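Report on the structure
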Amino acid sequence: MKSKSRLALVGRVLRQFCFLGIACPLPFFSRSRVGARFIAPLQKRGAMNCAPTRHFCIGGALVLFLVVTGAAPAQPTGDQAALSEQVSAWMAEGYDALERWDYAQAGEIARKLETAAASAAADAKIQAKAAYFHGRFQFYTADYEASLPALERYQELDPGNIHQEFTEFLAQVRFLADLWKDRLEFKSEHFIIRVKPGKDQILVEPALEALERAWPVLTRELRVTPPGPILVEFYPDFSAFSQATGLSEQDVKTSGTIAVCKYRRFIVTSPKALVQGYDFQNSICHEFVHYLIYLRNGKNCPIWLHEGIAKYYEPRWRGEPGGALPLTSLSLLAAAVRTDQLISFERMHPTFAKLDSPRQGQLAFAQVTSAVDYLIRTYGQESLFRLLDELKKDTDYRQALQRVTGKPFPQFYSDWKEFVRQEHFQEIPGLEVVELDIKKPGEPGGEDEDQVSEADLKENEAWKFVRLGDLLRDRNRVAPALVEYEKARSLMPLNPRLLGKLGLAYILARDYDQAVARLDLARTYYPGMADTNVKLGQAWTGKGDLNRAIESYERSLTINPFNPFVYENLIRLYEKTGQTDKLIETRKRLALVQG
């Protein structure tokens, strides 16, 4: 506050207190050290020119001392109060705009707040509010380097209002600003891919290819056209992904969440963060569906329906029919319907990541995908859009479903279960739920490095045979190793790790037919394992079927595009089959992965 306005304020304060009974003579106080410093300037400026101020109260003197020394906050002027009220109203509008992903409106409000903070009537509180909103706005737009100084400015201006939530948010922004300071960005017509320099650049081309293929299909079928390019951030490891999303390792394992649509962008884990990798093209197209649903409905769509629609439309970019599910999911669904162990839609809220186990997570996805499939097949494609429109008016999905289908929710749910029974999905004995295996820093990938652990031995005695088979195989005693592996398979017929070990052992024994049989079985039931396709590439090469070998190796790269061994084998196969264009491109990619 300028000195003139502060003195005027002091004068007003003294006039308020001078009528109190406990008073001392003004001349006496003016001769004191404090009085000599402060009273004379007030008298000269006319701030004490009323008769009652010949005597002023001790309380007034105390307030005078506190105001001038800054020990108590100054009361806002009328202009400040009005501006503060206006700033609060703008901020409420701004936060609503951010939640609605209306970043154009949020940007306008950020500029209004910046202007307000620079005005003469702005005090530290108003400046702090403007700085905080600016920091939040820049965070939402993924400009972390601009967000950080604004949040630090807020911290300086309003240190008494710093709480744990803000401290954690500031730490997150600092991490992200440092992580992305050397980022690379690659643009297509509708998307921007952000990666760290290095190996993750290998993801750019296939990611943009999948998303641009998905754009016309999904925007047409979901009847939403997004404004402007969509940002996709690939995080180099799980720790960075966790910092960006707040998801823990257990959250990820339970729900299979390795990509998130949030803040009007996709936050995605690099496949190299997982031991086996994952189908990152399918995952980012899944997030694209979430993006379109949010643009259409905002928060007015329950999580079970959100995930059901996303999973239903996820494979459409590849030209596959909606609602297709892997055999593992169908087996889980059939068993849950038969035993009445389905997960209620309420338990899925607010996120699948908080379910009890990976089995429950996969079952939940199977349920909601099948429910959307049932709705569309029974009531027509339009029923889905009518349901979304009803949810805009009333977020009670039970009532919305009744208005669309004409049936109370319990009847709809019961009819859906009967629909599942009529599909005759097969329960597959011995089928196992595969958890995402997050790679520790410096840990190699692939099943070949997989060792039998003490936890494995406690889970199933079959692992004793597997461990013995590993020891024999490593000593080049492949035939007895196969005997031990087959003993284990009699107890664990569809264990994906064991099938992979069997496939490798048969390759080493040059029994390529048996290798293909075991590995095809693994790929049928567990299609998301890159190493299975790598071994199939080796087996088909051994059999002399180079085209199938190429297909297997290429499929492995859609799950884990960081394996130099695959590129080296593809280079040899492209040379033999005369595929010059692919040969040149693969050499470039190998150099990038090795660099």
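That block above? That's the structure.
Here is a short report on the structure shown in this document. It should be emphasised that the depicted structure is a prediction, and the values quoted were computed from it without experimental measurement. Residue positions within a chain follow its written sequence, with the count starting from 1. Two thresholds apply to this predicted model, a pLDDT of at least 70 for residue-level local features and 80 or more for giving and counting side-chain atom pairs, whereas whole-chain, interface and lining totals are computed over all residues. Only hydrogens and water are set aside; all other atoms, that is, all heavy atoms of the structure, feed into the side-chain values.

1. Here we look at the overall build of the protein
Here a strand is any run of E in DSSP of at least two residues, a helix any run of H or I of at least four, and the numbering for each starts at the N terminus. A count of helices and strands for the protein gives 28 helices and seven strands. We call a residue buried when its accessible area falls under 20% of the maximum for its residue type, exposed when it is over 50%, and partly exposed in between, using a 1.4 Å probe and counting protein chains only. Looking at the protein as a whole, 51% of its 595 residues qualify as buried. The contact criterion used is simple: two residues touch if any of their non-hydrogen atoms lie within 4.5 Å. Contacts in the protein between residues at least 24 apart in sequence constitute 66% of all its contacts with a sequence separation of at least 6. The method behind every accessible area is Shrake-Rupley, applied with a 1.4 Å probe, and residues are considered shielded solely by the protein chains displayed. By element, 51% of the accessible surface of the protein is carried by carbon and sulfur atoms, the whole surface being about 28,000 Å².

2. So, the sheet that holds strand 6 (residues 259–262)
Working definition: the strands of a sheet are paired by backbone hydrogen bonds and lie parallel or antiparallel to each other. An order of 3-4-5-7-6 is seen for the five strands of this open sheet, with the pairing classed as mixed. Because the sheet does not close on itself, it has two edges, and the strands there are strand 3 (184–187) and strand 6. Within this sheet the neighbouring strands show an average axis-to-axis angle of 20°, counted without direction. For strand 6 and strand 7 (residues 265–269), the ladder comprises four bridges, and the chain directions are antiparallel. Residue Ala-259 lies in a different strand from strand 7, and its bridge partner there is Val-268. All axes are obtained by fitting lines to C-alpha atoms, using only the stretch in contact for helices, and the reported angles, taken between N-to-C directions, cover 0 to 180 degrees. Its contacts with the sheet place helix 11 (residues 238–245) against strand 5 (230–235), strand 6 and strand 7, and it is angled at close to 150° to strand 7. Should DSSP find at least two bridges between two strands, the strands are regarded as paired.

3. As for the side chain of His-290
Turning to its location among the elements, His-290 is positioned in helix 13 (residues 280–297). A 3.5 Å cut-off defines polar contacts: any pair of N or O atoms within that distance qualifies, except that in protein one atom must be a possible hydrogen donor and the other a possible acceptor, and neighbouring residues in sequence count only when both atoms are side-chain atoms. Reaching out from His-290, the side chain makes a polar contact with the side chain of His-286 at a distance of 3.1 Å. With residues up to four places along the chain from it excluded, the contact list for His-290 reads Cys-261, His-306, Glu-307 and Ala-310.

4. Quick word on the packing of aromatic side chains
Only Phe, Tyr and Trp rings take part, Trp by its six-membered ring, and two of them pair if their centres are within 6.5 Å. Stacked means planes under 30 degrees apart, edge-to-face means over 60, and tilted covers everything else. Taken as a whole and judged by the stated rule, the model has 34 aromatic pairs. For the ring pair Tyr-132 and Tyr-154, a centre distance of 4.9 Å and an interplane angle of 50° mean the geometry is tilted. Here Tyr-132, found in helix 7 (residues 124–140), pairs with Tyr-154, found in helix 8 (residues 144–157); they are 22 residues apart in sequence, far enough to count as distant. As far as the burial class goes, Tyr-132 and Tyr-154 line up, both buried. On the numbers, 5.0 Å between centres and 75° between planes, the contact of Tyr-312 with Tyr-313 is edge-to-face. A relative accessible area of 10% means that Tyr-312 is categorised as buried. We classify Tyr-313 as buried; its relative accessible area is 1%. Pairwise contacts between aromatic rings join Trp-304, Phe-345, Tyr-374, Tyr-379, Tyr-397, Phe-409, Phe-412, Tyr-413, Trp-416 and Phe-419 into one cluster. Seen from the ring of Trp-180, Arg-194 lies directly overhead, with NZ or CZ sitting 5.9 Å from the centre. In this scheme, Lys NZ or Arg CZ marks a charge over a ring once it lies within 6 Å of the ring centre and within 35 degrees of the ring normal.

5. A short note on the environment of Asp-545
Take Asp-545: it is sitting in the loop between helix 25 (530–543) and helix 26 (546–557). From its side chain, Asp-545 meets the backbone nitrogen of Arg-548 in a polar contact 3.2 Å long.

6. Points about the nonpolar core
Side chains of a nonpolar character, in soluble globular proteins, are inclined to be buried together. We define a nonpolar core as any set of buried Ala, Val, Leu, Ile, Met, Phe, Trp, Tyr and Cys residues linked to one another through side-chain atoms lying within 4.5 Å. Core analysis: the biggest nonpolar cluster contains 174 residues, and Phe-234, Tyr-235, Phe-266, Phe-288, Leu-305, Ile-309 and Tyr-313 have the highest contact counts within it. Per element, the largest residue contribution to this core is 10 residues, and it comes from helix 16 (residues 358–379). Core analysis: the next-biggest nonpolar cluster, separate from the first, contains six residues, Ile-428, Leu-431, Tyr-525 and Met-529 among them.

7. Notes on helix 26
The end-to-end C-alpha distance of helix 26 is 17 Å, a good match for the 16 Å that 12 residues give at a rise of 1.5 Å each. For helix 26, the secondary structure elements touched by its buried residues are helix 13, helix 24 (512–525), helix 25 and helix 27 (564–577). For a helix, the expected span equals 1.5 Å multiplied by the residue count minus one.

8. A short note on the pattern of salt bridges
Side-chain pairing between opposite charges can occur once the charged atoms of the two side chains come close. For this analysis, a salt bridge means a side-chain nitrogen from Lys or Arg found within 4 Å of a carboxyl oxygen belonging to Asp or Glu. With the rule as written, the count across this model stands at 48 salt bridges. Where Arg-265 meets Glu-233, a salt bridge forms, and the shortest distance between an N and an O atom there is 3.6 Å. Here Glu-233 lies in strand 5 and Arg-265 lies in strand 7, a separation of 32 residues in the sequence. Overall, Arg-265 belongs to the buried group, its relative accessible area being 2%.

9. Focus on the pairing of strand 5
Burial within strand 5 is extensive, with six of its six residues counted as buried. Here strand 4 (residues 191–195) runs beside strand 5; their pairing, made up of four bridges, is parallel. Looking at strand 5, one finds that Ile-193 is bridged to Val-232. Sheet topology note: the strand 5/strand 7 ladder contains five bridges and is parallel. Looking at strand 7, one finds that Val-232 is bridged to Phe-266.

10. Focus: the environment of Arg-497
On the secondary structure map, Arg-497 appears in helix 23 (residues 496–508). Accessibility expressed as a relative area gives 22% for Arg-497, which makes it partly exposed.

11. A few points about helix 19 (residues 409–423)
The end-to-end C-alpha distance of helix 19 is 21 Å, a good match for the 21 Å that 15 residues give at a rise of 1.5 Å each. Among the residues of helix 19, those classed as buried are Phe-409, Phe-412, Tyr-413, Asp-415, Trp-416, Lys-417, Phe-419 and Val-420. Of the surrounding elements, those touching the buried residues of helix 19 are helix 15 (327–339), helix 16 and helix 18 (397–405). Looking one or two residues past helix 19, His-424 carries a phi angle of roughly 55°, positive in sign.

12. Let's talk about the packing of helix 26 against helix 27
One way to put it is that helix 26 packs onto helix 27 with a least axis distance of 10 Å and a crossing angle of 145°. Between helix 26 and helix 27 lies a crossing of left-handed hand. Counting all contacts with helix 26, which are made through Leu-546, Ala-549, Ile-550, Tyr-553, Glu-554, Ser-556 and Leu-557, the residues of helix 27 involved are Phe-565, Val-566, Tyr-567, Asn-569, Leu-570, Leu-573, Tyr-574, Lys-576 and Thr-577. Considered class by class, the residues forming the contact of helix 26 with helix 27 number 11 nonpolar, three polar and two charged. Two helices cross in a left-handed way if the nearer one is turned anticlockwise from the farther one by less than a right angle. They cross in a right-handed way if the turn is clockwise. Polar here means any residue other than Ala, Val, Leu, Ile, Met, Phe, Trp, Tyr, Cys and Pro, which are nonpolar, and Asp, Glu, Lys and Arg, which are charged; Gly is therefore polar.

13. Here we look at the environment of Glu-568
Mapped onto the elements, Glu-568 comes out in helix 27. Here the alpha-carbon distance between Glu-568 and Arg-587, two residues 19 residues apart in the chain, equals 8.3 Å. Setting aside chain neighbours within four positions, we find Glu-568 in contact with Leu-590 and Gln-594.

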